[in-house]
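# Structural description and commentary
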Amino acid sequence: MSTSKTIAWDKIVGANGVVTDKKILSAFSSDGSFIEGEQPRALVKPRKSEEVQGIILLANQKGVALVPRSSTGPRFRGDTVPCAPDSVIVDLSGMDEILRMDVRNKVAMIQPGVTFGVLQDACAKAGLRVPVPLLPRSTKSVMGSYLEREPHTIPKYHWDMSDPICCLEMVFGTGDLFRTGSAAGPGTLEQQWAAGQAQKTPMGPSQTDFMKIMQGSQGTMGIATWATIKLEVLPKAQKGFFVTAKRLEDLVDFTYRIQRAKLPDECLILNHVAFASIMGSDIKERDKLAKALPEWILFYALAGYDHFPQERIEYCMQDIAEIAKACHVQPVEQIAGIPARKVLGLLSRPSEEPYWKIRHRGGCQDVFFLNTLDRAHEFVKGFKAECARHAFPEGDGGIYIQPIQQGRNVHIEFDLMYNPQDPAAVERMKNLYQSVSSNMSALGGFFSRPYGLWSDLAYRKCPDTVRALGKVKDILDPNRIMNPGKLCFGKGA
């Protein structure tokens, strides 16, 4: 087997598209997670789909593992840390073009390197917007986020787990280029555009749904080279509100009811630590604000669009006032001196630097999974019990609950903030992270994005899924070159 160091990658991407400097490459053997990987032998930077295809075909010939990545650092999941020796990082961040913006059909075609800030600015000029996760990193790839099914903050626009991705162009581990959904044809993309098509139907060709095979695969099936993203109308007017409570349970019925009626756009729940971590510029301000805040904060926003925007906000306010009265809660426009309009402004953009989760302690380990809102308080209780058992400071434990799929279920996230420069703190965090993860799994948390140790927690319950995925892997990546060691594909596979 050839080592990646002796392979002429420059014939595909050019001399400037290959990095072999060991000092640079050493940074890729780890990230903000506890996953310890192998140092790659090279990094290649393709600029177009044909180069990605050439890289995969050559890697198959030489037996070299490939690890795709589209976002730049800092990184926290371990999904792009190589598990196999002599791996090659396929850096897609340079493929950063917005290939097409279709205003009429509200869809954008983008490459993997396009970030949320760039796409949001382009959409705003066209009177549109892209649903954004909760304050993503400024370097976060839109495609990377959506392929990993990160939840965004507007659940009424989240119909299916694949939203808002529509169609994909991808290169499988075999080197075959493939397009999903309506992008598959008939005709070329240009011919489809001339006929008024917009590559917005995700399922297909025929009755297959290869996009969902690629989504959540952590680069183990192939590399996506562009995606069409469903956009929404940019509001002409918006108004934000808070509803606070001492107990999470007191917010459940209200949240369900306003989601069922599809009244708000943005809608999410934070505990006082997570809210203060977002709003505080330093640790003193964070801790002071956290003490002044209620335990739980529901934030929601109402929006008016092209026609009668203020009137829409007014009738939504009236409807929500009736729901709030029935649920014994009170919407307000300010808490602890912070106006809701300030929060609303933050939610449409990436996080300011430094990234909010590492702004105060320098490091953060997240534990997140899916369940239903009515059970969220059970997981919070279990989380707090584990933190107390490990003597973890309550003031460093953020909690974020995001309704998804129009409120049918929720993303539950615990943000464990710590000092990564303190060896004792790192060791304590390793133990706490494992303990919280195992406890949440035992309570019924569904780890739909199984990074690192979560892989065993998720897949040991579903041996039939492991067998099925193995068969799919054998078809799409028979030489097992795509990001080996991730998901249920064991190290060295």
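One can find the structure itself at the top, above this paragraph.
Residues numbered from 1 in each chain as written. Predicted model: local features only at pLDDT ≥ 70, side-chain atom pairs only at ≥ 80, totals over all residues. Heavy atoms only, no water.

### What to know about the overall build of the chain
Operational definition: Helix and strand assignments follow DSSP, with helices taken as H or I runs no shorter than four residues and strands as E runs no shorter than two, numbered in order from the N terminus. Here the globule rule is a power law, 2.2 Å times the number of residues to the power 0.38, and the radius of gyration is based on C-alpha atoms. The method behind every accessible area is Shrake-Rupley, applied with a 1.4 Å probe, and residues are considered shielded solely by the protein chains displayed.
In terms of helices and strands, the chain carries 16 helices and 19 strands. Over its C-alpha trace the chain gives a radius of gyration of 23 Å, about what one expects of a compact globule, namely 23 Å for 493 residues. Dimensions along the principal axes, computed over C-alpha positions, put the chain at roughly 65 × 60 × 40 Å. Of the roughly 20,500 Å² of accessible surface on the chain, 52% is carried by carbon and sulfur atoms.

### A look at the pairing of strand 13 (residues 267-271)
What counts is decided by this rule: Partly exposed residues are those whose accessible area sits between 20% and 50% of the maximum for their type, while under 20% is buried and over 50% is exposed, using a 1.4 Å probe and protein chains only. By definition, two strands form a pair when at least two bridges between them are found by DSSP.
Extensive coverage of strand 13 is indicated by the burial of five of its five residues. Every second residue of strand 13 is oriented toward a common face, with Cys267, Ile269 and Asn271 on one face and Leu268 and Leu270 on the other, all of them buried. The pairing of strand 13 with strand 14 (residues 296-304) spans five bridges and is classified as antiparallel. From the neighbouring strand, Cys267 faces strand 14, where its bridge partner is Tyr300. Judged from the two bridges that link them, strand 13 and strand 18 (residues 397-404) form a sheet pairing that is antiparallel. Bridge assignment links Leu270 to a residue of strand 18, and that residue is Tyr400.

### Section: the sheet that holds strand 13
Threshold: The axes used here are C-alpha line fits, helices contributing only the stretch in contact, and every angle between their N-to-C directions lies in the interval 0 to 180 degrees. Note on definitions: a residue-residue contact is assigned when non-hydrogen atoms from the two residues lie within 4.5 Å.
Strand order across the open sheet formed by six strands is 12-14-13-18-19-17, with antiparallel pairing between neighbours. Two strands lie at the open edges of the sheet, namely strand 12 (237-245) and strand 17 (363-371), each paired on one side alone. Shown here is a sheet whose adjacent strand axes are inclined to one another by a mean of 20 degrees, direction ignored. In this sheet, strand 19 (residues 409-418) lies alongside strand 17 in antiparallel orientation, the contact comprising nine bridges. By the bridge assignment, Cys364 is partnered in strand 19 with Met417. Packed onto the sheet, helix 12 (residues 340-347) meets strand 12, strand 13 and strand 14 and runs at close to 110 degrees relative to strand 12.

### Comments concerning helix 4 (residues 116-125)
Defined as follows: To obtain the arc, one takes the directions from the helix axis to the C-beta atoms.
Among all positions in helix 4, only Phe116, Gly117, Leu119, Gln120 and Cys123 are buried. Angularly, the buried residues of helix 4 cover 165 degrees about the axis, an arc narrow enough to put them on a single face. In this structure, the buried side of helix 4 is in contact with strand 5 (98-102), strand 6 (107-110), strand 7 (128-129) and helix 5 (142-147). The first or second residue beyond helix 4 is Gly127, which carries a positive phi of 75 degrees.

### Structural notes on the packing of helix 13 (residues 376-389) against helix 14 (residues 423-443)
Between two packed helices, both the angle of their axes relative to each other and the distance between the axes serve to describe the pair. Selection rule: Throughout this description, any angle smaller than 35 degrees is read as roughly parallel, any larger than 145 degrees as roughly antiparallel, any in the 65 to 115 degree range as roughly perpendicular, and the remainder as oblique. Put simply, a crossing is left-handed when the front helix is turned counterclockwise from the back one by less than a right angle, and right-handed when it is turned clockwise. The classification used treats Ala, Val, Leu, Ile, Met, Phe, Trp, Tyr, Cys and Pro as nonpolar, Asp, Glu, Lys and Arg as charged, and all other residues, Gly among them, as polar.
Viewed as axis vectors pointing N to C, helix 13 and helix 14 meet at an angle of 150 degrees, and their least axial separation amounts to 10 Å. In this view, helix 13 runs roughly antiparallel relative to helix 14, as classed from their interaxial angle. For the pair helix 13 and helix 14, the sense of crossing is right-handed. Here helix 13 contributes Glu378, Phe379, Gly382, Phe383, Glu386, Cys387 and Arg389 to the contact with helix 14, which in turn contributes Leu432, Ser435, Val436, Asn439, Met440 and Leu443. Classifying every residue of the contact of helix 13 with helix 14 gives seven nonpolar, three polar and three charged.

### Considerations on the layout of surface pockets
Filter applied, for reference: For each structure, a 1 Å grid was placed over the protein atoms alone; sets of points admitting a 1.4 Å probe that cannot get out are labelled cavities, open sets with protein on both sides within 12 Å along at least five of seven lines are labelled pockets, and lining residues have an atom within 4 Å of a point. Grid points are joined across faces, edges and corners, and a volume is the space filled by probe spheres set on the points.
Of the pockets and cavities examined, the largest pocket occupies roughly 500 Å³. As for the largest pocket, its lining consists of 24 residues, of which Arg149, Phe446, Ser448, Tyr459 and Thr465 are closest to the centre. Mapped by element, the contributors of at least two residues to the lining of the largest pocket are helix 7 (210-214), helix 15 (454-459) and helix 16 (463-476). Ranked by residues supplied to the lining of the largest pocket, first place goes to helix 15 with three residues. Taken as a whole, the second largest pocket spans an internal volume of roughly 430 Å³. Lining the second largest pocket are 24 residues, and of these Phe34, Ile35, Tyr451, Gly452 and Leu453 sit closest to its centre. At the level of secondary structure, the elements contributing two or more residues to the lining of the second largest pocket comprise strand 17, helix 14 and helix 15. Split into classes, the residues belonging to the lining of the second largest pocket amount to 11 nonpolar, eight polar and five charged.

### As for the nonpolar core
Our working definition: Residue types Ala, Val, Leu, Ile, Met, Phe, Trp, Tyr and Cys, when buried and joined through side-chain atoms within 4.5 Å, form a set referred to as a nonpolar core.
By size, the foremost hydrophobic cluster in this structure holds 51 residues, and its most contacted members are Phe254, Tyr300, Val367, Ile401, Phe414 and Met440. Once residues lying within four places of it in the same chain are set aside, the contact partners of Phe414 are Gln365, Asp366, Val367, Phe369, Phe379, Val380, Phe383, Gly398, Ile399, Val436 and Met440.

### Notes on empty space enclosed by the protein
Throughout the structure, instances matching the rule amount to five cavities of 30 Å³ or more. Volume-wise, the largest cavity comes out at about 680 Å³. Taken together, 42 residues form the lining of the largest cavity, with Asp79, Lys140, Gly144, Glu148 and Glu150 sitting closest to its centre. Residues belonging to the lining of the largest cavity are distributed by class as follows: 20 nonpolar, 10 polar and 12 charged.

### Side note on helix 8 (residues 249-260)
In an α-helix there are 3.6 residues to a turn, and that puts residues three or four apart on one side. Basically, it comes down to this: Multiplying 1.5 Å by the helix residue count minus one yields the expected span of that helix.
Under the 1.5 Å per step criterion, the end-to-end length of helix 8 is 18 Å for 12 residues, consistent within 8% with the ideal 16 Å. Regarding helix 8, the residues found buried are Leu251, Val252, Phe254, Thr255, Ile258 and Gln259. Looking at the buried residues of helix 8, the elements they touch are strand 12, strand 13, strand 14, helix 11 (309-327) and strand 18. At the C-terminal side of helix 8, Lys262 shows a positive phi close to 55 degrees.

### Here we look at the packing of aromatic side chains
In plain terms, the rule: For Phe, Tyr and Trp, rings pair up if their centres lie within 6.5 Å, where Trp contributes its six-membered ring, and each pair is then called stacked (planes under 30 degrees apart), edge-to-face (over 60) or tilted (otherwise).
Following the criterion strictly, the structure yields 21 aromatic pairs and no others. Ring plane angle 65 degrees and centroid distance 4.9 Å describe the contact between Phe178 and Phe210, whose orientation is recorded as edge-to-face. You can see Phe178 sitting in strand 9 (residues 177-179) and its partner Phe210 sitting in helix 7, a full 32 residues away along the chain. When the ring of Phe369 is compared with that of Phe379, the centres are 5.0 Å apart and the planes differ by 50 degrees; the resulting orientation is tilted.

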